[in-house]
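Structural characterization, general
Here are the chains, one letter per residue:
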Amino acid sequence: MGTLAFAVTGGAKIYDSPSGPITAFRDLDLEVARGEVVSLLGPSGCGKSTLLRIVAGLDHLSEGELDVPKRPDGRAAAGIVFQDAHLLPWLDVRENVGLGLRYRANRGIGSSEVDRLLEVLGLAALADAMPRELSGGQAQRVAIARTIVTAPPLLLLDEPFAALDPLTRRTLQDWLRDIRSLLDLTVVLVTHDVDEALHLGDRVALLRGGDRGITATWDVAELDRDDAALGDARRELLDRYATDPLAQIDGLVA
Ligand SMILES: Nc1ncnc2c1ncn2[C@@H]1O[C@H](COP(=O)(O)OP(=O)(O)O)[C@@H](O)[C@H]1O
Ligand SMILES: [Mg+2]
């Protein structure tokens, strides 16, 4: 494994709630190397979003350790993109993407960087468009661009394509694959879609949640689309995840 992007060791997150403590996950170990794309799968409520928020520094582990190399200038090490684009409706695409640069810590990045990035991401034609003129898929690309412009060492995507129709979703998956190699991104992609996880990830990790952490991972980086091993991984994932997530995953320990 190359240089570490981040590592969680023995991580647990326990929320306080009026009805008592809620354990999102426990005994969670995950190491992600720089330049790697890890797909994170798991049933609803298993703590996927919680884990991303913690890695992004928006929340803290209750137990265990998170090791994220800090940027020397204090900028956030990770950028998060959610299911909804949350663009500011009164700003055009260029201005929305440039928003990340307004923060003091990011002032070193020139605004020509925004246009260059829009070009690289295939969004240049939309630079002057307003959010209301964008399709769902376009808006989501802009949301990802807005995060990438700050050059985060780590890009955390929380079900970024979940709200899109299947065709748009497919286009954006291919787009993400392309820009990932162009920009040498390190990505954690949360998804419910087994095929998306396999298509985009170098590794697929299954999070069980509750009193468990990550219970299995598949290394699929070297597998071609028509590789039999990819079919095997897909069948295993579908068997253990899609049909009856909690019961099935329980029996699966990597
Ligand atoms: N702020 C919070 N306070 C209390 N419980 C929370 C909070 N956020 C999440 N949880 C609980 O933690 C668990 C994991 O939630 P979440 O990370 O959103 O799961 P996922 O993204 O995998 O669906 C759930 O049981 C959820 O109800
Ligand atoms: Mg979630």
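This is a predicted model, so every value here is computed, not measured.

Time to look at the overall build of the protein. A tally of helices and strands in the protein yields 8 helices and 9 strands. For the protein, buried positions account for 50% of its 254 residues. Considering only contacts in the protein between residues 6 or more positions apart, those separated by 24 or more positions represent 71%. As displayed, the protein has an accessible area near 12,500 Å², and 48% of this comes from carbon and sulfur atoms.

A separate point is the sheet that holds strand 4 (residues 63-67). Overall, antiparallel pairing links the 3 strands, which are arranged 2-1-4 in an open sheet. Since the sheet does not close on itself, it has two edges, and those belong to strand 2 (22-33) and strand 4, each with one partner. The mean angle between the axes of side-by-side strands here comes to 15°, regardless of whether they run parallel or antiparallel. Inspection of the sheet shows strand 1 (residues 4-15) paired to strand 4 by 4 bridges, in the antiparallel sense. What sits directly across from Ala-7, in strand 4, is Asp-67.

Before going further, it helps to spend a moment on the packing of helix 4 (residues 136-148) against helix 5 (residues 166-183). Between two packed helices, both the angle of their axes relative to each other and the distance between the axes serve to describe the pair. Helix 5 packs onto helix 4 with a crossing angle of 20° between their chain directions and a minimal axis gap of 10 Å. Classed by the angle they form, the pair helix 4 and helix 5 counts as roughly parallel. Between helix 4 and helix 5 the crossing geometry is right-handed. Packed against helix 4, whose contacting residues are Gly-137, Gln-140, Arg-141, Ile-144 and Ile-148, the element helix 5 presents Thr-168, Thr-171, Leu-172, Trp-175, Ile-179 and Leu-183 at the interface. For the contact of helix 4 with helix 5, the residue count by class is 6 nonpolar, 4 polar and 1 charged.

Taken together, Tyr-15, Ile-22, Ala-24, Pro-43, Ser-44, Gly-45, Cys-46, Gly-47, Lys-48, Ser-49, Thr-50 and Arg-53 make up the full set of residues near ligand 1. A distance of 2.7 Å separates an oxygen atom of ligand 1 from a polar backbone atom of Gly-45. Contacts to ligand 1 include Thr-50, whose side-chain N or O atom sits 2.5 Å from an oxygen atom. Here ligand 1 loses 63% of its free accessible area of 560 Å² to cover by the protein chains. Mapped onto the shell around ligand 1, the elements with two or more residues apiece are strand 2 and helix 1 (48-55).

For the protein, the average pLDDT comes to 87, and 89% of its residues sit at 70 or higher. Low confidence marks residues 247-254, where pLDDT is under 50. Its contacts with residues over four positions away, or in another chain, come to 22 contacts.

Right, let's get into the pairing of strand 8 (residues 203-207). Within strand 8, 5 of the 5 residues are buried, leaving the element largely enclosed by the surrounding structure. Going residue by residue along strand 8, you find Arg-203, Ala-205 and Leu-207 tucked away on one face and Val-204 and Leu-206 tucked away on the opposite face as well. With 5 bridges joining them, strand 8 and strand 9 (residues 214-219) adopt antiparallel strand pairing. Within the sheet, the bridge partner assigned to Arg-203 lies in strand 9 and is Asp-219.

Time to look at helix 1. Among the 8 residues of helix 1, 6 are classified as buried, and the element is accordingly described as predominantly covered. When helix 1 is considered as a whole, its buried residues turn out to be Lys-48, Thr-50, Leu-51, Leu-52, Ile-54 and Val-55. Where helix 1 terminates, the next one or two residues include Gly-57, which has phi positive at roughly 80°.

Our next topic: the nonpolar core. Counting 35 residues, the largest nonpolar core has Val-93, Val-97, Leu-134, Ile-144, Leu-155 and Leu-157 as the members making the most contacts within it. Listing elements by their share of this core, those giving two or more residues are helix 2 (93-98), helix 3 (112-120), helix 4, strand 6 (154-158), helix 5 and strand 7 (187-190). Considering every element that reaches this core, the biggest residue donor is helix 4, with 6 residues. Once residues within four sequence positions are removed from consideration, Ile-144 is found in contact with Val-81, Leu-155, Leu-157, Phe-161 and Trp-175. Residues Val-32, Val-55, Val-188 and Val-190 belong to the second largest nonpolar core, which totals 28 residues.

Once that is clear, we can look at the environment of Ile-14. Residue placement: Ile-14 occurs in strand 1. Owing to a relative accessible area of 24%, Ile-14 belongs among the partly exposed residues under this scheme. Separated by 46 residues in the primary sequence, Ile-14 and His-60 place their C-alpha atoms 10.0 Å from one another. Leaving out residues up to four positions away in the same chain, Ile-14 has contacts with Pro-21, Ile-22, Thr-23, Arg-26, Ser-62 and Glu-63.

What counts, and where the lines are drawn
- Residues numbered from 1 in each chain as written.
- Chains lettered and ligands numbered in written order.
- Predicted model: local features only at pLDDT ≥ 70, side-chain atom pairs only at ≥ 80, totals over all residues.
- Heavy atoms only, no water.
- Helix = DSSP H or I, 4+ residues; strand = E, 2+ residues; numbered from the N terminus.
- Buried < 20%, exposed > 50% of the residue type's maximum accessible area, 1.4 Å probe, protein only.
- Contact = heavy atoms within 4.5 Å.
- Areas by Shrake-Rupley, 256 points an atom, 1.4 Å probe, with all protein chains shown as cover.
- Pairing = 2+ DSSP bridges.
- Axes fitted to C-alpha atoms, helices over the stretch in contact; angles between N-to-C directions.
- Parallel < 35°, antiparallel > 145°, perpendicular 65-115°, else oblique.
- Left-handed = near helix turned anticlockwise from the far one by under 90°.
- Nonpolar A, V, L, I, M, F, W, Y, C, P; charged D, E, K, R; others polar.
- Near = heavy atom within 4 Å.
- Polar contact = N/O pair within 3.5 Å; in protein donor to acceptor, adjacent residues only side chain to side chain.
- pLDDT = per-residue confidence, 0-100.
- Core = buried A, V, L, I, M, F, W, Y, C linked by side-chain atoms within 4.5 Å.

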